[in-house]
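As a plain string of letters, each chain reads:
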Amino acid sequence: MNNVSPIKVRLTQWANCAGCGAKMDPGRLADILRHLPRSTDTDLLVGPETSDDVGVYRIADNLALLNTVNFFSPIVDDPYVYGQIAAANALSDIYAMGGRPITALNLAAFPQTGLELRVLHKILRGGADKLKEADVALVGGHTVADQEVKYGMAITGLVDSARFIRNGGAQP
């Protein structure tokens, strides 16, 4: 599975905040978002107003697209494991809505200097292997130069438009 030689690196040293600890304060974010225009598209079933982790957009009477994006700084030192964790985290949002993930885009921020590119390769390989396990197609991605390492994915899934599960009101 992981056929690249081990790398000795303390990946967590390349992050100011670990994982989701780097998220913006929800109250401050809500203050910003409340001033943005709201969509009037009747096919948008779940948008940013509800703070769900996934957007839901109806594309047919009984079918909706699920869209989510997750990326964060390293929470472990092993680049391959970090890639796996980030991919699993992004996929989990689609599963939590009752959907089936179908495609993924990589999102990566990586320093121009100080870390070997094979570290980034291992991160991306960990993510790709997790997608393969979930039978999800990697269709591309985007990278930026940054002093901090960050990685995650944008995932698109499908769900029955009448049977998706939301954050609020979920029951056993």
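Preceding this paragraph is the structure being described.
Here we summarise the structure given alongside this text.

### A short note on the packing of aromatic side chains
In step 1: Summed over the entire model, instances satisfying the criterion amount to two aromatic pairs.
In step 2: Relative to Tyr151, the ring of Tyr82 has its centre 6.3 Å away and its plane inclined at 70°; by these criteria the two rings are edge-to-face. In this pair, Tyr82 sits in helix H2 (residues 79–96) while Tyr151 sits in strand S6 (residues 150–159), placing the two residues 69 residues apart along the sequence.
In step 3: Overall, Tyr151 belongs to the buried group, its relative accessible area being 1%.

### Focus on the packing of H2 against helix H3 (residues 117–133)
Each pair of packed helices can be summarised by the angle the axes make with each other and by the distance between the axes.
In step 1: Taken N-terminus to C-terminus, the directions of H2 and H3 make an angle of 40°; their axes are 7 Å apart at the nearest point. With respect to each other, H2 and H3 are oriented oblique. The interaxial crossing formed by H2 with H3 has right-handed handedness. In this structure, H2 uses Pro79, Tyr80, Tyr82, Gly83, Gln84, Ala87, Ala88 and Leu91 to contact H3, whose residues at the interface are Val119, Lys122, Ile123, Arg125, Gly126, Gly127, Asp129, Lys130 and Leu131.
In step 2: Here the residues of the contact of H2 with H3 sort into nine nonpolar, four polar and four charged.

### Comments concerning the nonpolar core
In step 1: If you look at the biggest cluster of nonpolar residues, it comprises 30 residues, and the most contacted ones within it are Ile123, Met153 and Ile155.
In step 2: When residues of this core are traced back to their parent elements, those giving at least two are strand S3 (63–72), H2, strand S4 (100–110), H3 and S6.
In step 3: Broken down by element, this core gets its largest block of residues, six residues, from H2.
In step 4: With sequence-adjacent residues up to four places away left out, Ile155 is seen in contact with Leu66, Asn67, Thr68, Ala90, Leu91, Ile94, Pro101, Thr103, Ala104 and Leu131.

### A word on a nonpolar patch on the surface
In step 1: Nonpolar side chains collect at one region of the surface, where Leu29, Ile32, Leu33 and Leu36 lie side by side and expose about 330 Å² of accessible area between them.
In step 2: Secondary-structure assignment places Leu36 in the loop between helix H1 (26–33) and strand S1 (44–46).

### Side note on the side chain of Thr68
In step 1: Relative to the helices and strands, Thr68 resides in strand S3.
In step 2: Polar side-chain contacts of Thr68 include one of 3.2 Å to the side chain of Asp93.
In step 3: If we skip the residues at most four places from it in the chain, Thr68 touches Asp53, Val54, Ala90, Asp93, Ile94, Met153, Ala154 and Ile155.

### Observations regarding the environment of Lys8
In step 1: Looking at where Lys8 falls in the secondary structure, it is placed in the segment before H1.
In step 2: Taking the C-alpha atoms as reference points, Lys8 and Val119, separated by 111 residues in sequence, lie 9.4 Å from one another.

### Observations concerning the sheet that holds S4
Through backbone hydrogen bonds, the strands of a sheet pair up, either in parallel or in antiparallel fashion.
In step 1: Across the sheet, which stays open at both edges, the six strands sit in the order S1-S2-S3-S6-S4-S5 with mixed pairing between neighbours. The sheet is open, and its two borders are formed by S1 and strand S5 (137–145), each paired with just one other strand. Each strand of the sheet is rotated relative to its neighbour by a mean of 20°, with strand direction disregarded.
In step 2: Of the strand pairs in this sheet, S3 and S6 are connected by nine bridges, and their pairing is antiparallel. Counterpart to Phe72 in the pairing with S6 is Tyr151.
In step 3: Packing of H3 onto the sheet brings it into contact with S4, S5 and S6, and relative to S4 it is tilted by some 170°.

### A closer look at the environment of Arg34
In step 1: Relative to the assigned elements, Arg34 resides in the loop between H1 and S1.
In step 2: Owing to a relative accessible area of 52%, Arg34 belongs among the exposed residues under this scheme.
In step 3: Each C-alpha atom, one on Arg34 and one on Pro48, is 9.5 Å from the other, the two residues being 14 residues apart in sequence.

Conventions we followed
- Residues numbered from 1 in each chain as written.
- Predicted model: local features only at pLDDT ≥ 70, side-chain atom pairs only at ≥ 80, totals over all residues.
- Heavy atoms only, no water.
- Phe/Tyr/Trp six-rings, centres within 6.5 Å; stacked < 30°, edge-to-face > 60°.
- Helix = DSSP H or I, 4+ residues; strand = E, 2+ residues; numbered from the N terminus.
- Buried < 20%, exposed > 50% of the residue type's maximum accessible area, 1.4 Å probe, protein only.
- Axes fitted to C-alpha atoms, helices over the stretch in contact; angles between N-to-C directions.
- Parallel < 35°, antiparallel > 145°, perpendicular 65-115°, else oblique.
- Left-handed = near helix turned anticlockwise from the far one by under 90°.
- Contact = heavy atoms within 4.5 Å.
- Nonpolar A, V, L, I, M, F, W, Y, C, P; charged D, E, K, R; others polar.
- Core = buried A, V, L, I, M, F, W, Y, C linked by side-chain atoms within 4.5 Å.
- Patch = residues over 30% accessible without salt bridge, like charges linked within 9 Å, V, L, I, M, F, W, Y side chains within 5 Å.
- Areas by Shrake-Rupley, 256 points an atom, 1.4 Å probe, with all protein chains shown as cover.
- Salt bridge = Lys/Arg side-chain N within 4 Å of Asp/Glu carboxyl O.
- Polar contact = N/O pair within 3.5 Å; in protein donor to acceptor, adjacent residues only side chain to side chain.
- Pairing = 2+ DSSP bridges.

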